[in-house]
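Commentary on secondary and tertiary structure
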Amino acid sequence: MTPEVLERSKSWLGQSALRPTRQRLALASLLVGDGQDRHVTAEGLHEAVLGTGDRVSLATVYNTLRAFCDAGLMQEVTVDGSRSYFDTRIDDHPHFYLEEDGDLTDAPAAELEIKTLPSVPEGYEIAKVDVVIRLRKTS
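Description of the structure in this document. (Residues numbered from 1 in each chain as written. Predicted model: local features only at pLDDT ≥ 70, side-chain atom pairs only at ≥ 80, totals over all residues. Heavy atoms only, no water.)

**Description of the nonpolar core**
Judged by nonpolar contacts, the single largest core of 22 residues is most densely connected at W12, L31, L65, F68 and M74. Residue contributions to this core peak at six residues, all from helix 2 (residues 22-32). Not counting chain neighbours up to four residues away, the residues in contact with F68 comprise W12, L13, L18, R24, L27, L31, L73 and M74. Listed in part, the five residues of the second largest apolar core include V77, V79, Y97 and L104. (Core = buried A, V, L, I, M, F, W, Y, C linked by side-chain atoms within 4.5 Å. Buried < 20%, exposed > 50% of the residue type's maximum accessible area, 1.4 Å probe, protein only. Helix = DSSP H or I, 4+ residues; strand = E, 2+ residues; numbered from the N terminus. Contact = heavy atoms within 4.5 Å.)

**Re the packing of aromatic side chains**
Applying the stated criterion across every chain yields a total of two aromatic pairs. Note on W12 and F68: the rings are 4.9 Å apart at their centroids and 80° apart in plane angle, and the pair reads as edge-to-face. Taken together, the positions of W12 in helix 1 (residues 3-13) and F68 in helix 4 (residues 58-70) put the pair 56 residues apart, joining distant regions of the chain. Each member of the pair, W12 together with F68, is buried. (Phe/Tyr/Trp six-rings, centres within 6.5 Å; stacked < 30°, edge-to-face > 60°.)

**Side note on the pattern of salt bridges**
Evaluation of the coordinates by the stated rule reveals nine salt bridges. A salt bridge links D54 to R22; the nearest nitrogen and oxygen atoms lie 4.0 Å apart. Here D54, found in the loop between helix 3 (42-51) and helix 4, pairs with R22, found in helix 2; they are 32 residues apart in sequence, far enough to count as distant. With a relative accessible area of 26%, D54 lands in the partly exposed category. Owing to a relative accessible area of 47%, R22 belongs among the partly exposed residues under this scheme. Residue E99 is joined to R134 by a salt bridge in which the shortest nitrogen-to-oxygen separation is 3.6 Å. Placement of E99 in the loop between strand 4 (95-98) and strand 5 (103-106) and of R134 in strand 6 (residues 132-135) is noted, with a sequence separation of 35 residues between them. Of the residues examined, E99 reaches a relative accessible area of 27% and is grouped as partly exposed. On the basis of relative accessible area, R134 is assigned to the partly exposed category, the value being 40%. (Salt bridge = Lys/Arg side-chain N within 4 Å of Asp/Glu carboxyl O.)

Here is the structure:
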């Protein structure tokens, strides 16, 4: 891990109350070390961290991603009942989901317009609106 990647990872973790443990720093370096936003699955991040030589269990990756989400560093995007992605970009924005590849990418928010939302039941408020646009290749 280069000093620049380490500093960026520590700075990112420093935005929360999470301690910069070895495992958190290893995962943070893969998530934000180059300054780019990421959409990752826990399994994909686990493979990537093992590729660096760090020893982190898949359970630790899941727990750490959840802790990052709870701390407001990431957001979870669920594309179906069994597949979640973790996004380092935390502002509200839509996503494209490429069905054949299983990839999640940012969609241009400026081109999305939501005119109205349905009325919510009494005693509730809208917490968030997630927009995932599923794409498949044309024939």
